[in-house]
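Report on the structure
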Amino acid sequence: MIMTSAARAIREKLEGYYQEVSTIILSRQNPATGLIPASVAITTHGNYTDAWVRDNVYSIYAVWGLALAFRRIDDDQGVGYELEHATIKCMRGLLYAMLRQAPKVEQFKNTQALEHSLHAKYNTATADTVVGDFEWGHLQIDATSIFVLALAQMTTSGLKIIYTLDEVAFIQNLVTPDYGIWERGNKINHGMPELNSSSIGMALAALQAINGVNLFGSSGGPSSVIHVLPDELTRNYTTLHSALPRESNSKEVDAALLSVISFPAFAVQDLKLVERTRNDIIKKLGGKYGCKRFLRDGHQAVLEDTSRLHYDPHELKVFEHIECEWPLFFTYLLLDGFFRGDQAQVEEYKRLLEPLLVESSHTAYTHSEFDDAVSVKSASSSNRPNFYRYRQLSQNVAIRQPQPPRVMKLVPELYIVPKDKVEAEKADPGSQARVPNENVPLVWAQSLYILGNLMFDNLLSPAELDPLGRRLLPHRRKLGTEVVVQIVLLAESAELQARLAMYGLDTQTLDSCAPVTIAPPSVLRDAYLALGDNKKLGLTGRPKRPVGTIGTCKLYRCQGRLYGFLPHFMDKEEFYLVSDNDYLVSVLEQELAFVKNHWWYTGRPTMMVMLTNEMLGNLRVKGNRRHGTRFSSNRNLLNFMMSLRSGICGGVRVRVGRLTELISTACIESLDFLVGSNSNWYETLNLQLFHTVSTALPLSEKDDDLQVGGRTTTPRRRTVRRAGDRTSFHSSGSRSPLTSPFYTEEPHELPEVSELSSDTSSVAKGDSTPAAKGPSRPNSPSRGASSNTSGKATVSASSSRRQSFRFDTTNLAVDTKVATAVLQGPQSAVGEGALFGEVLNITLGDPSHVPHAVALLKSSANLYDQIDLIHYLHSCHGLEYHVEDLGTVSTLLEEVYDKAMQLKLWSIVRQSAGLLFKTVNSLTINVSDLLIRQKPVTFGTNLDNGLGELLLDSPLAPAVLAEIVYKHCASDVREAPLVQEVITCLGSLIRSQPSIFDGIMRIRTHFLIIAMREEISLMRACDEEQAVEHLMQLSPFEMKSLLVQVLNASEQTDPVVSASMSVNGRRSINVHSAPGALKLSATEGSLPNSVTIVCQSAGFHAGNFARIELTRDTTGVSLPIVFGRGLNICILDSLDGTILDSGSFDTHISAEEAEEFARVIDYLEAGTIVVVVCKDDASENLTESSKSALESLGAGRIRDLTYRDSYCLIGEKGAEKGSVPEMHRAASAGPSDVVKKTFDLAARRKTVLTALAESPTERNPEDGDKEEAPVEGQPTSAPTEPAEKVSESGGSKVADAKLSDTPAKAVTATSPSVPVTLSTLSVPTGFPALLMPSNGRWLRRRKNDGALNRVPPEFYPRVWKILSKCTGILIGPSLLPRDPTVSEKTPEEFNFALQVESLLDAIRDPAERQIAVECLMVISRIEERNPEIKVKGATIDLMKIIRDAVQRFWSQWIGVNGKALGVSAAHDVTFERNERLARRLFFDLAQDGKDGTMGYLATSCVRLVFDVVFLSSAMAGYSIDDG
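Since this is a predicted model, take the numbers as computed values, not measurements. (Residues numbered from 1 in each chain as written. Predicted model: local features only at pLDDT ≥ 70, side-chain atom pairs only at ≥ 80, totals over all residues. Heavy atoms only, no water.)

In terms of helices and strands, the protein chain carries 48 helices and 41 strands. A buried classification covers 62% of the 1523 residues belonging to the protein chain. Of the roughly 56000 Å² of accessible surface on the protein chain, 51% is carried by carbon and sulfur atoms. (Helix = DSSP H or I, 4+ residues; strand = E, 2+ residues; numbered from the N terminus. Buried < 20%, exposed > 50% of the residue type's maximum accessible area, 1.4 Å probe, protein only. Areas by Shrake-Rupley, 256 points an atom, 1.4 Å probe, with all protein chains shown as cover.)

Laid out in structure tokens, this is it:
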């Protein structure tokens, strides 16, 4: 065949490249193992003749690329075949070396320990390991990942690399914190691994690439296909995109990220993020000779001490501006230009590379010397030449035609600043000439350079080098907005299906889903256990971890049978969260949004939702309303399910339908790999969905709320002991950290108060709590689900009050056949402290009363008593102790756990969960979601059990993590389950609302719970123990809502929980201030002056809609309501327009709903604003009491309402009949007119304040010490505290101190040293918060932000700059020194931020912590605006500055307000006597303005910090946000 000139030119070019590849790469490939040494050099920096996994893959890329290029021509000499099989040999050599370490893969899945990681380099000749497990940074996930990625690409291109199913199983197991691409982990190189973005990105690319690839190619079957679960891909995707452009905690950015954002990974789909990362690398790391790896990289710099692998902390600054520059990264940028089609970038980096290359003609090279370099590893570095010598190819090189000698251009490893030019380079970076090191060429870099040249010569295209099309991912149109989530509603039984149909909700039973089998998510989890299971290699396959929502949104096919799986968040197999319907709804909404944003698969996601009798079996609400305006959670769930029919849920398009109709558009995956596994696939996939719960404990016959094993029960009323003391739940210590303050308000700088003192707690003083003194209130923690009791309890007065409790057995109905002998025995036979027939006193861990406890357990039907008694038995004998006739302690706890879940008795649920050591199955996932977004998590506290606060900054195995939680959160048996709830909620929130975590560096779980306790204490006006009780009784959804409220404290300063703060627009916690307290839901700014309400109604024939619109001043307010059939209401606070509650009552279908509506209205206080709008029909079952309730709102036309009429009302509780705006229109006359009304909130508040101010300020002498009668529906008030005691829970608690009990006139001249306390000031009773500068709002915000460790933007770089200009920053005894901190860490380094956090942890008061943050920001702003001034002293004492500012504020405040508040000459107004009050007032100041905290702090900073006489008073207008 005659070859054209063009074809001949192509062949000549290819043969030239073949000569280059053969000389530089193939000639080094070991003929036995196929491995390639990184170089032939043996230097002080390492033995480069070893085979690095990463270097081998990159080196063989050029061989593979050239083989692809040879496919373009008629290769009749077998060159292409040789190149392809050289590639296969290298990849199989790596596979062989790793296969020999299969046991490490299995161990690493469970431990993630350094010694169990795959080695990163091997002996080139034998594939053996070359260094010990601890002698090198082997934990390099990017090395394994690049191998898997290349395997996927090469297999797709047609290469046959994998031969057996054993090898397939090994590859299936290859997925994994790590040492990063540079083997050093932290930049100090001290051996601590870090989570690196470069490794995450490569792992993500490998997972995406290998997913669905058949490793046997076109000849393979289902068993040789690799499966990667979609949620694991999503987690890595989210991790990478949230971390970039940062590389790790110790590195701001790393040039290795070039391989992630472009070839070969193409792992980032956000084009703006790709551009930002590339620009950061070029700007911060780029140079004339290449890119630095990362800032202050000392590797191979002339000043590096090569006698040790690590750096001293102060040493890193020595390498600044003299870091080595690597031409390697220019080759990445060259290839990036080709793949992006940016010809200008290609030309630029082609030009920049040209002068950096070393010509082979300038070196002398002999083949024998190369062989010696490869085989002799112990060669002394002193005897090696500076450059390697090359010679012409010999006859044995596989070029078929003689070739003339060719001069090759070689890529050096790096360029170094010579020692004599170091100082000049530091003075003027980039000014000095650099020289290449002796490692020429770096084969990895040479391979990428050859690929670039092949593409430049049009011999290779991007599509050939990327057959999987990964380069197109960033350019694909995002499909998220077009995703339609298919939803299948399933009913547990035919009876429930019929009941739901009556409400208009169409569902399916399991039998009607044929041909699809529905199974719980645990079945899919168990099915995937078979992935990679291989007994010969000792591999057990995928760890037993839950399959995420995206995985369960697919249908699966196995041997022609179809299977669907419930989502993992509905699985109650291990934890109790989804037993709360409101929580379930909030999670459903979040998961729908999550699926929409991360669905990239063919077909639509299909979500199965199982509705059970437990969820919806009691839609008709019975009994009195005990939670104020809290609506039935069953009804909320039903309304939510019905709202899905609209096609939109929270901005997500949904389609509700029958499963058979949705199969054709669903995404279907194969599970056929199960057929070839060792498991019985049919039994695995056909597990029974439901199981019954047996009972052994006594049940009540009087209630039908609970269905367990065919029997019914109800809990009895919580005993009085529960309200007064939770000590029975604590196993150690004199006080629980949850019920004692985690900070003190005493000045920090005093050394004697550096340790926490228990006497700062209000509950530590006095004999008992108020709830133990009087009757139970309906809204108090002592409220149970029934008014019946099986016994009373009293608090033990013993010193070990945490470990003992008493049961009054006087009226207890006991089976005499079982317990007569026990209970009626002589007291001497019972033991000291126990008097049966009257009271039983038992102590945790004391087994002497076990028989009596068992007798009580057999006879008591009270769940509260049952859990206490079982807790006692557990403390004595453990979980496996067998109770006669009942079973083991474990089974009894499970029974109580199940009952309490169904009855929504959450404190009992948490207690039993803690005793059973239950762990939420997604705990590891949620912790990982926090960690990967740079949010380390801490467990426990330094005050807890002496274990200290444990910081977790890397993922752990589930068993290890569960052990940590239960070990460090053991002060209260309920704390560990609660911590898991918090972590689960935080994981969900950071996935759906990451902005809520802005400014938060660490998640400190214990302090977050304390902040939630403080919020409850503020809202309930109760002490800490009562607040803990309220906290523990919150449902999971209420707990989540409270958590969101705390996280939003910087924006929401409302002391009344409202729907506007709830999760996803749903009601949160309905608790109000104490009786008589002024309820103002003030936000950070001024209160709204007005609220405008617009409403309209349309019956079924008139349009069938309901409309309510709210506008506060000029700002619209979104409504947390799903409008349903019947009466839709929205309840507003009459003073500030806050939404207190909202909901829907189906008065068309149910008279019970109408009665429930009437009870809601009856509960409201006079003046409350209520909007009522009808939809569809509301008259069918509208009862007389509900009509009367509407008339109590001012309705005058409600009795005219008939079938499907339109009706709306804007009413007020207590208004005269017919005095409010309302509109009624007949069904056939169309929708109602729009009703509109504006309420003047400012005038209402003025009226209330005037009335309070005119009220008497002194107590009626006739009242004496008479206790105020309990108010129905209001919480129990806290006890009166001593005058000197200041509430630690914010402004509202001060209401209980009776401010006017000690009027100022009672202070005489005989008491000259009386300090000015809150109780000695003449403040009108009823609004003590008016004493606070911001009504307590800023104090509350600072407390919450301090507990969350929230800081303003750019805070840490500013602190670094401050630190660089002084010798240290001092907080009490804690010092952050300048040296070596500044020389070791960079301003934006994550580790520096953690060090600053550690310094601020010395401040126990969270509000004062935030003041310290503000103080640092003030110092930074002053320094920025006045760069010429210098720091006065050696260190900056923050607490001294704060104290000075507070002292000046106090002097000004007492001068302005003292006379009005009744301060006389008899008072000691000195700051020293009143520092505590002064601090509280100061912490409640706003930030901005002359009279704000930053104004006072600025003046104090100028006086105490800077070396100036005085700066102008312009310092006063500072704000944190200025910077």
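Don't stop here, the text continues.
As a further point, take the side chain of Glu 20. Here Glu 20 lies in helix H1 (residues 5-24). Classification of Glu 20 as buried rests on a relative accessible area of 5%. Side chain to side chain, Glu 20 and Gln 446 meet in a polar contact 3.3 Å long. (Polar contact = N/O pair within 3.5 Å; in protein donor to acceptor, adjacent residues only side chain to side chain.)

Between the first and last C-alpha of helix H30 (residues 889-903) there are 21 Å, a value that for 15 residues agrees with the 21 Å anticipated at 1.5 Å per step. Within H30, 12 of the 15 residues are buried, which leaves the element mostly enclosed by the surrounding structure. Those residues of H30 not exposed but buried are Val 889, Ser 890, Leu 892, Leu 893, Glu 895, Val 896, Tyr 897, Asp 898, Lys 899, Ala 900, Met 901 and Leu 903. Following H30 by one or two positions, Lys 904 has its phi on the positive side, about 60°. (Expected span 1.5 Å × (residues − 1).)

Now for the packing of helix H3 (residues 79-99) against helix H6 (residues 165-173). Taken N-terminus to C-terminus, the directions of H3 and H6 make an angle of 75°; their axes are 11 Å apart at the nearest point. As judged from the angle between their axes, H3 and H6 are roughly perpendicular. Contacts between H3 and H6 involve Arg 92, Leu 95, Met 98 and Leu 99 on the former and, on the latter, Glu 167, Phe 170 and Ile 171. By residue class, the composition of the contact of H3 with H6 is 5 nonpolar, no polar and 2 charged. (Axes fitted to C-alpha atoms, helices over the stretch in contact; angles between N-to-C directions. Parallel < 35°, antiparallel > 145°, perpendicular 65-115°, else oblique. Contact = heavy atoms within 4.5 Å. Nonpolar A, V, L, I, M, F, W, Y, C, P; charged D, E, K, R; others polar.)

Looking now at the sheet that holds strand E17 (residues 652-656). Read across the sheet, 4 strands follow the order E15-E9-E17-E16 without closing on themselves; strand pairing throughout is mixed. Only two strands of the sheet have a single neighbouring strand rather than two, namely strand E15 (606-611) and strand E16 (648-649). (Pairing = 2+ DSSP bridges.)

Among the nonpolar cores identified, the biggest contains 128 residues, and Phe 147, Phe 170 and Ile 171 are the most heavily contacted of them. Broken down by element, the residue count for this core peaks at 13 residues, all from helix H2 (residues 53-70). Among all residues touching Phe 170, those that are not within four sequence positions of it are Leu 95, Met 98, Leu 99, Ala 102, Val 105, Leu 537 and Leu 539. Leu 592, Cys 876, Leu 903 and Val 982 belong to the second-largest nonpolar core, a separate cluster that totals 122 residues. (Core = buried A, V, L, I, M, F, W, Y, C linked by side-chain atoms within 4.5 Å.)

To continue, consider the pattern of salt bridges. By the definition in use, this model includes 60 salt bridges. Arg 1421 is paired through a salt bridge with Glu 1424; the nearest N and O atoms lie 2.7 Å apart. With Arg 1421 and Glu 1424 both in helix H45 (residues 1406-1425) and 3 residues apart, the pair spans about one turn of that helix. Where salt bridges share partners, they join Glu 949, Arg 1002, Arg 1004, Glu 1397, Asp 1401 and Arg 1409 into one cluster. (Salt bridge = Lys/Arg side-chain N within 4 Å of Asp/Glu carboxyl O.)

If you trace the 3 strands from one edge of the open sheet to the other, you get E26-E25-E27, paired in mixed fashion. Each of the sheet's edge strands pairs with one partner strand only, and the pair in question is strand E26 (950-952) and strand E27 (1003-1004). Looking at chain direction, strand E25 (residues 937-939) and E26 are connected through 3 bridges and run antiparallel. When the bridges of E26 are listed, Phe 939 appears paired with Leu 950.

It is worth spelling out the pairing of strand E29 (residues 1105-1112) at this point. Only one face of E29 is covered, namely the one carrying Ala 1106, Ile 1108, Leu 1110 and Arg 1112; the face carrying Phe 1105, Arg 1107, Glu 1109 and Thr 1111 has none of its residues buried. When strand E28 (residues 1090-1099) meets E29, the two strands line up antiparallel, connected through 8 bridges. The residue bridging Gln 1096 from the neighbouring strand is Arg 1107, located in E29. Once E28 ends, the chain turns through 5 residues before running back antiparallel as E29, passing Gly 1103 with a positive phi of about 130°. Here E29 pairs with strand E30 (residues 1115-1117) via 3 bridges, running antiparallel. Bridge pairing links Thr 1111 to Gly 1116 in E30. Taken together, E29 and the strand that follows it, E30, pair antiparallel across an intervening segment of 2 residues, in which Asp 1113 is found at a positive phi of about 55°.

In this model, the protein chain carries a mean pLDDT of 75, and residues with pLDDT of at least 70 account for 72%. The lowest-confidence element of the protein chain is helix H27 (residues 827-830), averaging 32 in pLDDT; the highest-confidence one is strand E34 (residues 1206-1212), averaging 96. Throughout residues 701-735 the model reports pLDDT below 50, and contacts reaching past four residues in sequence, or to other chains, amount to 134 contacts. (pLDDT = per-residue confidence, 0-100.)

Here the focus is unusual backbone geometry. A negative phi holds for most residues other than glycine; trans holds for most peptide bonds. Between Ala 514 and the following residue, Pro 515, the backbone shows a cis peptide bond with an omega angle of 15°. Residue position: Pro 515 is located in the loop between helix H17 (494-502) and strand E10 (516-519). Between Asp 1379 and the following residue, Pro 1380, the backbone shows a cis peptide bond with an omega angle of 10°. Following the sequence through the fold, Pro 1380 ends up in the loop between strand E39 (1374-1377) and helix H43 (1381-1384). Positive phi, close to 75°, is recorded for His 321, a residue that is not glycine. Considering the arrangement of structural elements, one finds His 321 in the loop between helix H10 (271-285) and helix H11 (328-340).

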